[in-house]
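# Structure at a glance
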Amino acid sequence: MQDDGGRRLRLCPAAEVPEGGGRGFVFGRMPEEFRVFVIRWQGELRAYENACPHAGVSLDWTPDRFFDRTGDLLICALHGARFRPDDGLCVAGPCRGLRLPALALECDGDGVLHAIRPD
Ligand code: FES
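Definitions and limits used
Residues numbered from 1 in each chain as written. Predicted model: local features only at pLDDT ≥ 70, side-chain atom pairs only at ≥ 80, totals over all residues. Heavy atoms only, no water. Helix = DSSP H or I, 4+ residues; strand = E, 2+ residues; numbered from the N terminus. Rg over C-alpha atoms; globule rule 2.2 N^0.38 Å. Buried < 20%, exposed > 50% of the residue type's maximum accessible area, 1.4 Å probe, protein only. Contact = heavy atoms within 4.5 Å. Phe/Tyr/Trp six-rings, centres within 6.5 Å; stacked < 30°, edge-to-face > 60°. Lys NZ or Arg CZ within 6 Å of the ring centre and 35° of its normal. Pairing = 2+ DSSP bridges.

The protein chain is annotated in an unreviewed UniProt entry as Rieske domain-containing protein of Tistrella mobilis.

Listed below in structure tokens is the structure:
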């Protein structure tokens, strides 16, 4: 995956993110890697840092699988924390009340999504 070296991270064409699904991306290399995922839920695209507030691991142990069986909540595969897709708030599990860090999303003229990494 490309990284322009700055805060603006090229993800994928928006059309490649299905309703009720997501895609994960890794930028850089350990120990400096930065993990991001983008989801589409109820027609809205959102991006979060792919780091569970409980222990910092990626939520998806199966690549690109971020939603639980209900399709209404995001899930961390390690200890089962559940997060609201619209704002990343943890509503169940060991990090209840904490949030997934949200990233701003931009769509360029070619329909490609870019996440804006915080300072
Ligand atoms: S690391 Fe995500 S719930 Fe424990």
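## So, the overall build of the protein chain
The number of helices and strands found in the protein chain is zero helices and nine strands. Over its C-alpha atoms the protein chain spans a radius of gyration of 13 Å, differing by no more than 12% from the 14 Å that the globule rule assigns to 119 residues. Its C-alpha atoms give the protein chain principal-axis dimensions of about 40 × 35 × 25 Å. Here the protein chain holds 119 residues, and the buried ones make up 38% of them. For the protein chain, the proportion of contacts with a sequence separation of at least 24, taken over those separated by at least 6, is 44%.

## Looking at the environment of D86
On the secondary structure map, D86 appears in the loop between β6 (82-83) and β7 (90-92). Residue class for D86 comes out partly exposed when judged on its relative accessible area of 36%.

## Examining the packing of aromatic side chains
Counted by the stated rule, this structure contains two aromatic pairs. Judged by centre distance (5.8 Å) and plane angle (40°), the ring pair of F37 and Y48 falls under tilted. Of this pair, F37 sits in strand β3 (residues 34-41) while Y48 is found in strand β4 (residues 44-49), placing the two residues eleven residues apart along the sequence. A centroid spacing of 4.2 Å and a plane angle of 5° characterise the contact between F37 and F66, whose relative ring orientation is stacked. Taken together, the residues F37 in strand β3 and F66 in the loop between β4 and β5 (74-75) connect sequence positions 29 residues apart. Within the aromatic cluster, the residues linked to one another by ring pairs are F37, Y48 and F66. Here R117 stacks its cationic end above the ring of F34, 4.0 Å away from the centre of that ring.

## Observations regarding the pairing of strand β9 (residues 112-116)
Among the five residues in β9, five count as buried, and that is most of the element. Covered by surrounding structure in β9 are V112, H114 and I116 together with L113 and A115, the residues of both alternating faces. When strand β1 (residues 8-13) meets β9, the two strands line up antiparallel, connected through four bridges. Considered in β9, the bridge of R8 is made with I116. Note that strand β8 (residues 102-107) and β9 share four bridges and pair antiparallel. Across the sheet, the residue bridging to A104 is I116, located in β9. Hairpin connection, β8 to β9: the antiparallel pair is bridged by four residues, and G111 has positive phi, about 80°.

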